[in-house]
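Survey of secondary and tertiary structure
Each chain, letter by letter, is given below.
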Amino acid sequence: MTTTPLSATSRLYWEIKGTGPAVLLIAGTPGDGGQFDRVAAELAAHRTVLTYDRRGTSRSPSTPDWQTTSVAEQADDAAAVLAASGAGPALVYGTSNGAAVALELALRGPDQVRGAILHEPPLLSVLADPAPVGAMIGSVIEEGMTSGGPAAALEGFLRFAFGDDVVGSWSPPLRERMLGNAAMVFGVELPAFQAYRPDEAALRAARVPIHVVVGAEQAAPFFGEAAAWLAERLGTDVRTWPGAHGPQFTSPAELAAAITALDPA
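None of these values were measured; they are calculated from a predicted model. (Residues numbered from 1 in each chain as written. Predicted model: local features only at pLDDT ≥ 70, side-chain atom pairs only at ≥ 80, totals over all residues. Heavy atoms only, no water.)

**What about the overall build of the protein?**
Rules: Helix and strand definitions follow DSSP, with helices as H or I runs of at least four residues and strands as E runs of at least two, each counted in order from the N terminus. To get the radius of gyration, use the C-alpha atoms; to get the globule rule, take the number of residues to the power 0.38 and multiply by 2.2 Å. Exposure is judged per residue with a 1.4 Å probe applied to protein chains only, and the accessible area is read against the type maximum: over 50% gives exposed, under 20% gives buried, and values in between give partly exposed. The criterion used for residue contact is that any of the two residues' heavy atoms lie within 4.5 Å. Values of accessible area rely on a 1.4 Å probe in the Shrake-Rupley scheme; residue burial ignores everything except the protein chains shown.
Looking only at helices and strands, one finds twelve helices and eight strands in the protein. Relative to the globule expectation of 18 Å for 265 residues, the C-alpha radius of gyration of the protein, 17 Å, shows essentially globular dimensions. Seen through its principal axes, the protein has C-alpha atoms that stretch 50 × 40 × 35 Å. Counting across all 265 residues of the protein, residues that qualify as buried make up 53%. Contacts spanning at least 24 positions in sequence make up 75% of the contacts within the protein whose residues lie at least 6 apart. Working note: accessible area of the protein is about 10700 Å², and carbon and sulfur atoms make up 54% of it.

In structure tokens form, the structure reads like this:
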């Protein structure tokens, strides 16, 4: 485990384990790489596995003057981890908002990436009618804010995304780190990701294989709609994946096997 400087005031925490072709795992909101601990352990038998805490998250703190971000900035951070590790080019797996980062990394830095897997990117900007989804998410956050402030709102949001059983199963250290990101999530991360819309010309010109996947147990139809929009512009099909929105928690062995099956290097 180590850190990579991004500037005089910001550093990224990352971990590397295993041997073999590199796989970079990029977490969704909040971007704590500890979400992948069990998946990384499975993959490390045959792959060099990189995980990291995204900028401003958990063990990658930034100073108070960091008040905005972009998916492009987050992708540049992922590229910095790959460069510092010396392990690339990598297969990149991103889930939820981390899938947007993986996509931008694949589009912006194809020399560092040999392929990307995008798991359920919540691209509200491409939905035919994003208002109902936005209202549903907003009501979950508002209820939490009213009942217990930002940490309660983030917990409610994560329970909405992953399910009560998943959030209830987290170890105390992971739970503390995840919920400790509440102010950053609502003030910096979600506004940037909710506004993100991939460049369609860049999607059509993608230079590396990009796979779009949706969980077999996913009940929220907007994930499928966003995935179909993305796959059409990439010239590929939507694949069915283990679990729902959090297979890194519910099905780590199956997730590792699915990643490996798309990366026979």
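**As for the side chain of threonine 69**
Selection rule: Any pair of nitrogen or oxygen atoms within 3.5 Å is treated as a polar contact; in protein, a donor-acceptor pairing is required on top of that, and neighbouring residues in sequence qualify only through side-chain atoms on both sides.
Structurally, threonine 69 is set in the loop between strand E4 (48-52) and helix H2 (71-85). A polar contact of 2.5 Å, which involves the side chain of threonine 69, links it to the side chain of glutamate 73. Of the polar contacts made by the side chain of threonine 69, one reaches the side chain of glutamine 74; its length is 3.2 Å. Leave out the neighbours within four places in its chain, and threonine 69 touches Gln74, Val188, Glu189 and Ala192.

**Description of the packing of helix H4 (residues 131-148) against helix H5 (residues 150-162)**
Worth spelling out the cut-off: Only the contacting stretch of a helix is used when fitting its axis, a line to C-alpha atoms as for every element, and angles between N-to-C directions run 0 to 180 degrees. In this scheme, a crossing is called left-handed if the near helix is turned counterclockwise away from the far one by less than a right angle; it is called right-handed if the turn is clockwise. When residues are grouped by polarity, Ala, Val, Leu, Ile, Met, Phe, Trp, Tyr, Cys and Pro land in nonpolar, Asp, Glu, Lys and Arg in charged, and all others, Gly among them, in polar.
The interhelical angle for the contact between H4 and H5, taken along N-to-C directions, is 145 degrees, at an axis separation of 7 Å. For the crossing formed where H4 meets H5, the hand is right-handed. Seen from H4, the contacting residues are Met136, Ile137, Val140, Ile141, Gly144, Met145, Ser147 and Gly148; seen from H5, they are Pro150, Ala152, Ala153, Gly156, Phe157 and Phe160. Each residue belonging to the contact of H4 with H5 can be placed in one class, and the counts come to ten nonpolar, four polar and no charged.

**Observations concerning the environment of glycine 224**
For glycine 224, the position within the fold is in helix H10 (residues 221-234). Relative accessible area serves as the criterion here: at 31%, glycine 224 is assigned to the partly exposed category. C-alpha separation for the pair glycine 224 and proline 209, spaced 15 residues apart in sequence, amounts to 20 Å.

**A few points about the pattern of salt bridges**
As a working rule, side chains carrying opposite charge can pair if their charged atoms are close by. We apply this condition: For this analysis, a salt bridge means a side-chain nitrogen from Lys or Arg found within 4 Å of a carboxyl oxygen belonging to Asp or Glu.
As enumerated under the stated definition, the model contains 17 salt bridges in all. Where aspartate 53 meets arginine 59, a salt bridge forms, and the shortest distance between an N and an O atom there is 2.8 Å. Taking relative accessible area as the criterion, arginine 59 reaches 27% and is therefore assigned partly exposed. One continuous salt-bridge network, built from bridges that share partners, spans Glu15, Asp32, Asp53, Arg59 and Arg177.

**Overview of the packing of aromatic side chains**
For the record, the criterion: Pairing of aromatic side chains here covers Phe, Tyr and the six-membered ring of Trp, requires ring centres within 6.5 Å, and sorts the geometry by plane angle: under 30 degrees stacked, over 60 edge-to-face, intermediate tilted.
Summed over the entire model, instances satisfying the criterion amount to five aromatic pairs. On the numbers, 6.2 Å between centres and 75 degrees between planes, the contact of phenylalanine 162 with tryptophan 170 is edge-to-face. With a relative accessible area of 14%, phenylalanine 162 lands in the buried category. The rings of Phe162, Trp170 and Phe249 are connected pair by pair, giving a single aromatic cluster.

**Some points on the nonpolar core**
Formally: In these notes, a set of buried Ala, Val, Leu, Ile, Met, Phe, Trp, Tyr and Cys residues joined through side-chain atoms within 4.5 Å is what counts as a nonpolar core.
In this structure, Leu24, Tyr52, Leu105, Leu158, Trp170 and Leu230 are the most contacted members of the largest nonpolar core, which totals 67 residues. A total of eight residues in this core trace back to one element, the largest contributor, which is H10. Once residues lying within four places of it in the same chain are set aside, the contact partners of leucine 158 are Thr29, Pro30, Gly163, Val167, Trp170, Met178 and Leu179. Ranked by size, the runner-up nonpolar core spans 19 residues in total, among them Ala44, Leu255, Ala256 and Ala258.

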